[in-house]
Amino acid sequence: MENYFFMRPLLRLLAQGPFVCKATSMMLRVFAALIILGSLASFFNAGKAIFELPTTSAIMGGILFQLFFIVAIYAVTHVLLIRAQDIEDLQVMSVGDIYMLPLGAVLLRMLGEAYSSFIGLIAIGGGIYVWFTSKNIGTILGPLTAFFPAMLEASFIGGIQFMLTGILIAIGALIASYMLAEITSLIARSARLSVHTPRQLPRQGIKTRVG
């Protein structure tokens, strides 16, 4: 009867490190493609708002923001593709090896790198946009505004504050993700040593009888 159900074979596959790493790598590549497709909507919506700006200098600021947006999306997708290859290349055994902790370490680094790249580049482009337009960055970021700190005022000082805050958040997120990844890697190494190192039995003293 179990031959007609898929959960037992699926659970067996999930217990195999190479299968999980390969599946995760493929999902990251698909996610990178979806990010590119999803960013097109934000790009064209922002472009429509930019070309409705009243002055040439404001439009120029909007175009500069669009360039930073393109670079940010490229950076995020490239990070995902690089880490997808790293996950596929992880040296794990089929059965009995610890694989989720090494996989988690790579994913933690990937999340920090992708988030920091996006936040840092958009913060710089957003600050330039505010300088040229004296408008809040939310007018072109739309729902993506939730990823950024609130802007106090749409002015030159507000643009600088937005840049600095975004860059500091990016650096902090990168440091935190790398620290967590290193902790996870240390735990993985310790677990592997405890699993693969044979336990030595205590030596028993030789008792001799006299007389």
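Residues numbered from 1 in each chain as written. Predicted model: local features only at pLDDT ≥ 70, side-chain atom pairs only at ≥ 80, totals over all residues. Heavy atoms only, no water.

1. Focus: the overall build of the protein chain
To keep things clear, this is the line we draw: Secondary structure counts use DSSP, requiring at least four H or I residues in a row for a helix and at least two E residues in a row for a strand, with both numbered from the N terminus. The buried label applies to any residue whose accessible area, calculated with a 1.4 Å probe on protein chains only, is under 20% of its type's maximum; exposed applies above 50%, and partly exposed to all values in between. In what follows, a contact means two residues having at least one pair of non-hydrogen atoms within 4.5 Å. Calculation of accessible area relied on Shrake-Rupley with a 1.4 Å probe; when residues are assessed, cover is drawn exclusively from the protein chains displayed.
Within the protein chain one finds 6 helices and 0 strands. Here the protein chain holds 211 residues, and the buried ones make up 34% of them. Put simply, of all contacts in the protein chain between residues at least 6 apart along the chain, 77% involve residues at least 24 apart. Of the roughly 13,500 Å² of accessible surface on the protein chain, a fraction of 70% belongs to carbon and sulfur atoms.

2. A look at the nonpolar core
Here is the rule we go by: We call a set of buried Ala, Val, Leu, Ile, Met, Phe, Trp, Tyr and Cys residues a nonpolar core when their side-chain atoms join them within 4.5 Å.
Counting residues in each nonpolar core, the largest one holds 34 residues, and the members touching the most others are F65, L80, F118, I122, I137, I140 and F148. Of all elements in the fold, only helix 2 (17-50), helix 3 (56-88), helix 4 (100-133), helix 5 (138-141) and helix 6 (156-196) reach the threshold of two or more residues within this core. Considering every element that reaches this core, the biggest residue donor is helix 3, with 10 residues. If near-sequence neighbours (up to four positions away) are discounted, F65 is found in contact with I122, G125, G126, Y129, I137, I140 and L141.

3. Description of the packing of aromatic side chains
Keep this limit in mind: Note on aromatic contacts: the rings of Phe and Tyr and the six-membered ring of Trp form a pair at centre separations within 6.5 Å, being stacked when their planes are under 30 degrees apart, edge-to-face when over 60 apart, and tilted otherwise.
On inspection of all chains with the given rule, the structure shows 4 aromatic pairs. Aromatic pair F43 and F44: ring centres 5.6 Å apart, planes at 80°, arrangement edge-to-face. Grouped by ring-pair contacts, the aromatic residues F65, F69 and Y129 constitute a single cluster.

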